[in-house]
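Summary of the model geometry
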Amino acid sequence: HKDAYQVILDGVKGGAKEKRLAAQFIPKFFKHFPELADSAINAQLDLCEDEDVSIRRQAIKELPQFATGDNLPRVADILTQLLQSDDSAEFNLVNNALLSIFKMDAKGTLGGLFSQILQGEDIVRERAIKFLSTKLKTLPEEVLTKEVEEFILTESKKVLEDVTGEEFVLFMKILSGLKSLQTVSGRQQLVELVAEQADLEQTFNPSDPDCVDRLLQCTRQAVPLFSKNVHSTKFVTYFCEHVLPNLSSLTTPVEGLDIQLEVLKLLAEMSSFCGDMEKLESNLKKLFDKLLEYMPLPPEEAENGENAGNEEPKLQFSYVECLLYSFHQLGRKLPDFLTAKLNAEKLKDFKIRLQYFARGLQVYIRQLRLALQGKTGEALKTEENKIKVVALKITNNINVLIKDLFHIPPSYKSTVTLSWKPVQKADASQKRASEDTTSSSPPKKASAGPKRDARQIYNPPSGKYSSNLGSFSYEQRGGFRGGRGRGWGGRGNRSRGRIY
């Protein structure tokens, strides 16, 4: 019957009716003619490129029937290239076909996907990565075996040698979802991958927006991986040694983003999981010096007791919360830093700054509590009140930390939840607020509201301490913004994949 099958194969050169029949019968009898396998697959591919959309769809739908033995990686490669289709029904058929051959041979299917990710056209690469990031997690455990997951990790490492920022985030999503990487050693592997991407060995250039952006995006990927067993030491060290001293000269490609606050937030989040640091005293000193910049001395009083400069220093609560928290976390590792490592004059100066800040803080906390008093439910959901709730968390946190440092000797025992993080358990300082006011992640904004990077400033009523106290912002945390794969270059002159 070989001749009869050849007639069916030749049907792809006929009219619409012949092509429709060929699209059904070529795959149906494919397994009976192994010697015509290449011709059969090529004939079906011709139908996949036909001008008639119904013929194309029929041909694509039947492609999994060709995925036998050595042909499977080739079929996976073909289906991956077909992901570039802009016809939604066709695109869905390709997705379903890929998923069905995944269940036959996951490793072979991944071979086809990764071959196109590494060598294919940009549109194919982009869609193949997206396919992996959305579909892998839907596959059952018997498909995603340990061996298959190891293959994904190995191939992903090859891709990560040359990626855009957006692709990197997607690969971190893929890898962090793998069961075999949920262990401590798995998380450690992921942190090392991120550290490699961040290139923590290179000289930091604060005036290069892409260099800054790359570090921030990598750090954002690393933060959820840190724990008491997976340490953030390498990142915290880099931030203390290279980023903090250049904080004021940082540049960012993201319009409207408070880059300094973003850096300080990341440092604060990482500081809880810092292990043994080689240059602890030196880095603690850098952190302390930066903290002092945001902890002003009281303005000098004129002889009649009035403010000589007529201007109160600006108290930047969001910055101070981050810096004070980071200092408090790292200070635990060197508890005698303030008493033994600083001279008496410096310690006295620090206490004066703390005291001045605490006084302004008390005024502000009272005003916020008064403004929120009796408000529940819907009333707390207005933008202004959401901002006040976050402000109250920030000020309460600073208050708790300052009290600790006022102890003789300074104490590092109090625990606070950073104002933008979900509350683990109610702190004493937060119990005074109602249940609604203790939801500590920044409120999710409706699409009509301000964008992530819009600064939200709350200006409290004027008064001796409060005229400039509203200098804080809060914002949704997030990875890359859409379409912003930058800083990782265009992946060089990769060879273009063949079209089938």
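Above this text sits the structure in question.
Notes on the structure in this doc start here. (Residues numbered from 1 in each chain as written. Predicted model: local features only at pLDDT ≥ 70, side-chain atom pairs only at ≥ 80, totals over all residues. Heavy atoms only, no water.)

**Quick word on the overall build of the protein chain**
Broken down by element type, the protein chain carries 19 helices and zero strands. Across the 500 residues that make up the protein chain, the buried fraction comes to 52%. Contacts spanning at least 24 positions in sequence make up 73% of the contacts within the protein chain whose residues lie at least 6 apart. Surface accessibility of the protein chain: about 23,700 Å² in total, with carbon and sulfur atoms responsible for 49%. (Helix = DSSP H or I, 4+ residues; strand = E, 2+ residues; numbered from the N terminus. Buried < 20%, exposed > 50% of the residue type's maximum accessible area, 1.4 Å probe, protein only. Contact = heavy atoms within 4.5 Å. Areas by Shrake-Rupley, 256 points an atom, 1.4 Å probe, with all protein chains shown as cover.)

**Observations regarding helix α18 (residues 344-372)**
Over its 29 residues, α18 runs 41 Å from end to end, which matches the ideal 42 Å to within 8%, given 1.5 Å per residue. The first or second residue beyond α18 is Gly374, which carries a positive phi of 75 degrees. (Expected span 1.5 Å × (residues − 1).)

**So, the packing of helix α7 (residues 106-119) against helix α8 (residues 122-135)**
Interhelical geometry of α7 versus α8 gives an angle of 140 degrees and a closest axis separation of 8 Å. With respect to α8, the element α7 is oriented oblique. The crossing of α7 and α8 is left-handed. In this structure, α7 uses Leu110, Leu113, Phe114, Gln116, Ile117 and Leu118 to contact α8, whose residues at the interface are Val124, Arg125, Ala128, Ile129, Phe131 and Leu132. Class assignment of the residues belonging to the contact of α7 with α8 gives a composition of 10 nonpolar, one polar and one charged. (Axes fitted to C-alpha atoms, helices over the stretch in contact; angles between N-to-C directions. Parallel < 35°, antiparallel > 145°, perpendicular 65-115°, else oblique. Left-handed = near helix turned anticlockwise from the far one by under 90°. Nonpolar A, V, L, I, M, F, W, Y, C, P; charged D, E, K, R; others polar.)

**Considerations on unusual backbone geometry**
A cis amide bond, omega -10 degrees, links Ile408 with the succeeding residue Pro409. Looking at the secondary structure, you find Pro409 in the segment after α19 (383-406). A positive phi angle, close to 55 degrees, is found at Asp199, a residue other than glycine. Looking at the element boundaries, Asp199 is found in the loop between α11 (184-198) and α12 (209-222). With a relative accessible area of 29%, Asp199 lands in the partly exposed category.

**Considering the packing of helix α6 (residues 88-104) against α8**
Packed helices, taken two at a time, are described by their axes: the angle between them and the distance between them. Relative orientation of the contacting elements α6 and α8 amounts to 60 degrees, with a least axis distance of 12 Å. Considered as vectors, α6 and α8 are oriented oblique to each other. Of the two possible hands of crossing, α6 and α8 adopt the one that is right-handed. Contacts between α6 and α8 involve Phe91, Asn95, Leu98, Leu99 and Phe102 on the former and, on the latter, Arg127, Phe131 and Lys135. Its residues assigned to classes, the contact of α6 with α8 comprises five nonpolar, one polar and two charged.

**Description of the pattern of salt bridges**
Evaluation of the coordinates by the stated rule reveals 19 salt bridges. Of the charged contacts in the structure, one is a salt bridge between Lys19 and Asp50, with a shortest N-O distance of 2.7 Å. Of the two residues, Lys19 is situated in helix α2 (residues 16-29) and Asp50 in the loop between α3 (37-48) and α4 (53-62); the sequence distance between them amounts to 31 residues. A single burial state applies to Lys19 and to Asp50, both of which are buried. (Salt bridge = Lys/Arg side-chain N within 4 Å of Asp/Glu carboxyl O.)

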